[in-house]
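# Examination of the molecular architecture
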Amino acid sequence: MSRRSKGCVYLVGAGPGDPGLLTLRAARLLTEADTVVHDRLVHPAVLEHARPHARILYVGKEGGGESVRQENIHALLIAQARLGRTVVRLKGGDPFVFGRGGEEALALEAAGIPYEVVPGVSSLAAVPAAAAIPITHRGMSGAVTFATAHRTEGAPDWEHLARAETLVLFMAGGRLEETTHALMSAGRAPTTPAAIVEAGTWEHQRVVEAPLSSIAGQAREADVGSPALLVVGAVVSLRSQLRSLAMRPMATDFPLLQVAEGGHE
């Protein structure tokens, strides 16, 4: 990254959690940023790539908890860039996959702030893979539907989602009972294999697997928390045959770059 006299913002995907899944470009940008603005779902080890004395600013959101308003995040990014700083806006997964990266890009565009988007490894495929669930499989599933169970306006098109060969639902943990009931009411068989993956690719990842009709109750008994991703479809049944993959630990100690010594402001 060439240093610019004028401030700029990089909307950077941090990956699904495991710091070993951070891209090389993202790691390099972190080593040169003046300011890092990060979400809740960014692994602490990822932040260790930031250069000494970089400003590390937390703007996380949590359902039911304290959150930083999106408008305030826009204002912060613009203000930091106008001070001539190179800003890395670090977002879990990929900035443009249910990450509100598009809203931030539009705000920067309107303000005349130079920016770039740096894609990241998205949870949409990485989390099922870490849970030993191949979201496509020849003869079993040739198509995948991705959606979010949390919408600010209106309801999901449950009839469409119920017909998906493989369905991957983001932000499903807090609405699992409602979600599974809606899918079955729209025609999805109650016996369809399903799995809820909590903290996918993190050290404390957990997977609860059950038929669609009982996955909500089993997740409640296991006290599954956020973030959680729901996978519905025949491919979930393959997990029992991929025991070696399911038991493999995440590469949380995988170093991408030499991190310089020093602290952060």
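Attention in this report is confined to the structure presented alongside it.

Parameters at a glance
Residues numbered from 1 in each chain as written. Predicted model: local features only at pLDDT ≥ 70, side-chain atom pairs only at ≥ 80, totals over all residues. Heavy atoms only, no water. Pairing = 2+ DSSP bridges. Helix = DSSP H or I, 4+ residues; strand = E, 2+ residues; numbered from the N terminus. Axes fitted to C-alpha atoms, helices over the stretch in contact; angles between N-to-C directions. Contact = heavy atoms within 4.5 Å. Parallel < 35°, antiparallel > 145°, perpendicular 65-115°, else oblique. Left-handed = near helix turned anticlockwise from the far one by under 90°. Core = buried A, V, L, I, M, F, W, Y, C linked by side-chain atoms within 4.5 Å. Buried < 20%, exposed > 50% of the residue type's maximum accessible area, 1.4 Å probe, protein only.

## What about the sheet that holds strand E5 (residues 115–118)?
Taken together, five strands build an open sheet; the order of strands is E3-E2-E4-E1-E5 and the sheet is parallel. Two strands lie at the open edges of the sheet, namely strand E3 (55–58) and E5, each paired on one side alone. Between one strand axis and the next, the sheet turns by 20 degrees as a mean value, whatever way the strands run. As paired strands, strand E2 (residues 35–38) and strand E4 (residues 86–91) are joined by four bridges and run parallel to one another. Looking at E4, one finds that Val-36 is bridged to Val-88. Taken strand by strand, helix H1 (residues 24–32) contacts strand E1 (8–13), E2, E4 and E5, and its axis lies near 140 degrees from that of E1. Taken strand by strand, helix H4 (residues 101–111) contacts E1, E4 and E5, and its axis lies near 170 degrees from that of E1.

## Quick look at the packing of helix H3 (residues 70–82) against H4
Each pair of packed helices gets described by two things: the angle between the helix axes and the distance between those axes. Between H3 and H4, the shortest axis-to-axis distance is 10 Å and the interhelical angle comes to 45 degrees. Considering the angle they form, H3 stands oblique to H4. Crossing hand, H3 versus H4: right-handed. Contacts from Gln-70, Ile-73, His-74, Leu-77, Ile-78 and Arg-82 in H3 reach Glu-103, Glu-104, Ala-107, Leu-108 and Ala-111 in H4.

## Details of the nonpolar core
In terms of nonpolar packing, the biggest core is built from 24 residues, with Leu-169, Leu-183, Ile-196 and Leu-230 touching the most fellow members. Going through the elements one at a time, helix H6 (158–162), strand E7 (166–170), helix H7 (176–185), strand E8 (193–198), strand E9 (206–211), helix H8 (215–221) and strand E10 (228–232) are the ones with two or more residues in this core. In contact with Ile-196, other than residues within four places in its own chain, are Ala-172, Leu-176, Arg-206, Val-207, Val-208, Ile-215, Ala-219, Val-224, Ala-228, Leu-229 and Leu-230. Ranked by size, the runner-up nonpolar core spans 18 residues in total, among them Val-12, Ala-27, Ala-33 and Val-88.

## Overview of the environment of Gln-241
Along the chain, the position of Gln-241 falls in the loop between E10 and helix H9 (243–246). Sequence spacing of Gln-241 and Ala-132 is 109 residues, and the spatial spacing of their C-alpha atoms is 8.9 Å.

## Notes on the sheet that holds E7
Strand order in the open sheet formed by five strands is E6-E7-E10-E8-E9, with mixed pairing between adjacent strands. Strand pairing shows two members of the sheet lacking a second neighbour, strand E6 (144–148) and E9, which therefore form its edges. Neighbouring strand axes in the sheet, compared pairwise and without regard to direction, differ in orientation by 15 degrees on average. Where E7 and E10 come together, three bridges link them in antiparallel fashion. Along E10, the bridge assignment pairs Leu-167 with Val-232. On top of the sheet, helix H5 (residues 123–130) reaches E6, E7, E8 and E10; it is set at about 80 degrees to E10, its chief contact. Sheet strands in contact with H7 are E7, E8 and E10, and its direction is about 20 degrees off that of E10.

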